[in-house]
Amino acid sequence: MSDFNKQTVAQGDLIFKAGDPANTLFVVQAGEIELMDAASGAVFATVGAGQSLGEQALVPGGIRGATARAKTEVQLLQITAAELQDLMEKQTPVLRPLLEALMLQQSMHNAMRRPA
Amino acid sequence: MTQDLEVGTGFEVSTANLRALGVTDPYSAASLQAYKSGALSSDERLYFTLWGSRVLKAVVFDAKRRVVQAGHPVHAAYFIVSGKLLAVEGKKVHRIGPGGVIGVAEAVAGLPYGKSYVTVEAVEARVVDVSSIAAMLRQCPAGLRGLIRTITMRTLGIKEIPEVLK
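Residues numbered from 1 in each chain as written. Chains lettered and ligands numbered in written order. Predicted model: local features only at pLDDT ≥ 70, side-chain atom pairs only at ≥ 80, totals over all residues.

Caption draft 1: Focus on the sheet that holds strand E1 (residues 6-7) of chain B. Residue and element names in this part refer to chain B. The strand order E1-E6-E5-E8-E3 describes an open sheet built from five strands, whose pairing is mixed. Each edge of the open sheet is held by one strand with a lone partner, namely E1 and strand E3 (66-68). Both strand E5 (residues 85-89) and strand E8 (residues 116-119) contribute to a ladder of four bridges, which runs antiparallel. Paired with leucine 86 across the two strands is valine 118, which belongs to E8. (Pairing = 2+ DSSP bridges. Helix = DSSP H or I, 4+ residues; strand = E, 2+ residues; numbered from the N terminus.)

Following this line, the structure appears as structure tokens:
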């Protein structure tokens, strides 16, 4: 992971916006990031050190479903979609569908948590 | 099921919408063109790639059959291609359709199934291989393991890092 690009983001700055191309995965090394709903702008999650965001980069051609803003100064590792795909290609063939299914299960569980 | 059940928000990837966008099967040139057009949502794109995955085995469940039981150890994980199920957790029930996924996050975390799933009608699914998941995760580069850890913990709503992902 240390070979990936490092980035420091100032408090309050946007990391990506809903609707942007999802071409980068981020891993938070320090600080906190708020994820905001595309429609309402309400914060629905906070991501901290050791966590990742922007998993849509795993699916080539995807777009961001939420906006990410630095709650504090944040240090990030950036992994481009191409680097991620390259990393995936080197793994066992069953890892890719497992990760894709895991992302879809996350989407399903998010939906199930919303009020009916 | 009893009269006390509460109906929660359901989930499905609209196969009707996919057909309208030109995705009629996972392999044809027209479907691939639609996939590359950028018109599909993230969930639709995931559905499409899993539907066409050649490493997943197909399985069919009859109507009104319990597929997995909440609290039981994970013996298999599934991606739903077509058909309807009910996900039952306590008194809450959710309608699940194509694109639903059963048991993957639980398998990664080494936890039992969080919900029971019962088919409403015949269901076509794909089996996601979780038999060697612990060994696979151990061999994963740290970055990918961190990604899997984040998605798994978010999916299951757990705060403690699963042992296999530390």
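Caption draft 2: Representation of the packing of helix H2 (residues 95-113) of chain A against helix H6 (residues 142-156) of chain B in the model. Following both chains from N to C, one finds H2 of chain A and H6 of chain B inclined at 30°, their axes separated by 9 Å at the closest point. Viewed along their axes, H2 of chain A and H6 of chain B adopt a mutual orientation that is roughly parallel. Along this stretch, H2 of chain A crosses H6 of chain B, giving a crossing that reads as left-handed. Side by side, H2 of chain A and H6 of chain B meet where Leu99, Leu102, Met103, Gln105, Gln106 and His109 of chain A of the first sit next to Ile148, Ile151, Thr152, Arg154 and Thr155 of chain B of the second. A class-by-class count of the residues in the contact of H2 of chain A with H6 of chain B yields five nonpolar, five polar and one charged. (Axes fitted to C-alpha atoms, helices over the stretch in contact; angles between N-to-C directions. Parallel < 35°, antiparallel > 145°, perpendicular 65-115°, else oblique. Left-handed = near helix turned anticlockwise from the far one by under 90°. Contact = placed C-beta atoms within 7 Å. Nonpolar A, V, L, I, M, F, W, Y, C, P; charged D, E, K, R; others polar.)

Caption draft 3: Inspection of the nonpolar core at higher detail. Residues Ala101 and Leu102 of chain A together with Ala77, Phe79, Val104 and Val128 of chain B are the most contacted members of the largest nonpolar core, which totals 77 residues. No other element matches the eight residues that H2 of chain A contributes to this core. Not counting the four nearest positions on each side in its chain, alanine 77 of chain B is found in contact with Ala101 of chain A together with Ile102, Gly103, Val104, Ala107, Val128 and Val130 of chain B. (Core = buried A, V, L, I, M, F, W, Y, C linked by C-beta atoms within 7 Å. Buried ≥ 20, exposed ≤ 12 C-beta atoms within 10 Å, placed from the backbone.)

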